[in-house]
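# Analysis of the macromolecular model
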Amino acid sequence: MHDLLLLHLPFAGIEIFWPAVALLCFCAGLVAGFFGISGSWIIAPGLYILGFPLPFAIGTNMTQLTGRSLFSLYKYFRFSDVDFKLGATMLLGGIPGIEIGVRAVLLLERSGLAEEIIGWSYAGLLAAIIWLAYFDAHRVASDDPAADRSGFYKSSKPGWRLCFRLFPVLSFRQSRVICSFWVVLAAGMLIGFISGLLGVGGSLARMCILVYLLGCSTRNAFALDLLLAFLTGLYATGAYAFRGRVDLLAALLIIPIISLGISMGAAITNIARQEAKKAAFLFFALGVLVSVISMQLGYTLWAGIFLGLSCFICMVYLCFFKGGRMAG
Amino acid sequence: MFGLHLIADFVFNFRGLSWGSHWRISGQIPETSFSRLVMVVDTRALDSWLLHYFADLYNSNLLLFAVWTLVLTVVWGVFTSFAADRVVRAVVRCPID
C-alpha cells in the first residue's frame, strides 16, 4: 500500500508522494484558471517543498507552460491580436534574461546556495503577489473610478501613448504605443531573468508592464503574454532539459492534472463570486508563502502540512461552495 | 577573489578558464568546490523500455533528450488542454468561454 503512493522519478533520482503532487498541481491549475495566469509561481515552490531538488522543480515546472499557452492563444485569440513587433523586442531581451537566470541557478546549485537564495526569493515573490492581489481587491472594493470590474486600470489617455523618449524610439502600431527600444528590451530581460531563475511564467509581471507601464489594451496584452509565455517557456524548457534538470516522467504526469485544474477553474470562474475568487487566491497564496517560509526555516514536515491544508481547503472551497453557494 | 571566481564561472561557464583565472589571481584553492555536477540516471532499476530509452538518452545525448522533452511536453500539453476543456465542458455544463 505504501509503495503504491510513492513514485520513483528516475531523472531526478527521488521518490515522491504522488497524491500530494497531484493535489498541488490540480489546485494550482484551479487558481490559474480562475485568474487567467499561469500557476507556475505555486507549482515550482510546491514541488520543491514536496521533495524535488530545486533545479529539477524549476525545470520540470517550465514544461507545463508551453502547451497550455499555445492552446489558449489558439482558442481565445486571433494572431491579429498579437503585436509581433513588441513581442519580438521583448523576446530579444527575454531570451538572454532566461539564459542568465538558468546559469545563475546552475551556479547556485554548484556552490550549494540554491535552496537558500532561491527559496527566500520565492518567499519574496509570493509576498509581492499577495500584496498586489490585496491592493487590487482593495482598489476595486473602494470604487476607484480608474478600475473596471475585472480589476484592470482603464487607460486614461486613449490613442497613442508615448513613454520614455530615449533613442531609438519605436512605434508599436498594433498596441498604439511609442516607446524607447531600451525600455522594452530591459523589461523583457528582467522578466526573462525572473522566469529563468525562479521557474515562473512571468505572466503577472508581463501583464503589469504591458498594461500599466506601456499602456497596452488588456486584450492585446493577454494575447502577447500568451505568445511570449509559449516562446520563453519553450526556450527555458530546452535550456533546463539540455542541462539535464527536467524530469520527463514528472512533467508528463503533472501536465494533464494542471490542464484539468485550469479548465475547471475557467469553468467555475463564471459562476463564482468576485469576492470568493479573490479570497481563495489570497488564502492559497498565503498558504504557499507560509509553507515556503517553514521550509526555509527547516520545518519540512510543517511546510508539507501547510501546503497540503491550503491546497485541500482551497479546492473544497472553490469546487463545492463557489463562494457561499453550494454547487448543484 | 571568491567573488571574481563566481563571476568568471557564471560568464564563461567553462571550468578550465575560470580555474585558470583563479589560480593566476589568488594562487590558492578556494574552499568551495566548483566541479561540474554530472547527473546520470540509474537505468538498472527501470522496467519500462520507453523509460529505459529516455534514460539512456539522458545519459548519452542531452541535446536529443532536450529536443524530445520539448516535442513531447508541447504536444502533450496541447492535447491534454484540449481534452480537459472537452471533459469539463461536458461535466460542468457551463460556458467556459
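All residue numbers here refer to positions counted from 1 along the written sequence of the relevant chain. Labels follow written order: the first chain is A, the first ligand is 1, and so on. Local features in this predicted model are restricted to residues of pLDDT 70 or higher, and side-chain atom pairs are both shown and tallied only at a pLDDT of 80 or more, whereas totals for entire chains, interfaces and linings draw on every residue. In computing side-chain values, all of the structure's heavy atoms are included and hydrogens and water are not.

## A few points about the confidence of the model for chain A
Residue and element names in this part refer to chain A. Let me state the cut-off plainly: pLDDT is a per-residue confidence score from the predictor, ranging from 0 to 100. Comment: elements are numbered from the N terminus, with helices defined as DSSP H or I runs of at least four residues and strands as E runs of at least two. Residue contacts follow a heavy-atom distance rule, with two residues in contact if any of their heavy atoms lie within 4.5 Å.
Averaged over every residue, the pLDDT of chain A is 80; the share at 70 or more is 84%. Considering each helix and strand of chain A separately, the mean pLDDT is smallest for strand 3 (residues 161-163), with a value of 55, and largest for helix 4 (residues 84-111), with 90. When the criterion is pLDDT under 50, residues 146-159 qualifies, and its contacts beyond four places in sequence or with other chains add up to 23 contacts. Counting contacts from residues 323-328, a segment whose pLDDT is below 50, to residues more than four positions away or on other chains yields 12 contacts.

## Some details on helix 3 (residues 54-76) of chain A
Along an α-helix, residues three or four positions apart point the same way, because every turn accommodates 3.6 residues. To keep things clear, this is the line we draw: In a helix, the anticipated span is given by 1.5 Å times the number of residues less one. Relative accessibility under 20% of the residue-type maximum defines a buried residue, over 50% an exposed one, and the middle range a partly exposed one, all with a 1.4 Å probe and only protein chains included.
Taking 1.5 Å per residue as the helical rise, helix 3 of chain A with its 23 residues ought to reach 33 Å, and the 33 Å between its terminal C-alpha atoms agrees with that figure. With 19 of 23 residues buried, helix 3 of chain A is to be regarded as a mostly interior element.

## Focus on the confidence of the model for chain B
All names here are of chain B. Looking at chain B as a whole, the pLDDT averages 71, with 57% of positions reaching at least 70. Here helix 2 (residues 15-25) stands out as the least confident element of chain B, with mean pLDDT 40; helix 4 (residues 62-92) is the most confident, with 91. Below pLDDT 50 for its whole length, residues 14-33 participates in 27 contacts with residues either more than four positions away or in separate chains. Among the scores for the predicted complex, ipTM is 0.81 and pTM is 0.80.

## Quick notes on the environment of S72 of chain A
All names here are of chain A. Looking at the element boundaries, S72 is found in helix 3. Judged by its relative accessible area of 10%, S72 falls in the buried class. When the C-alpha atoms of S72 and T232 are compared, they prove to be 15 Å apart, with 160 residues separating the residues in sequence. Not counting chain neighbours up to four residues away, the residues in contact with S72 comprise F77 and L226.

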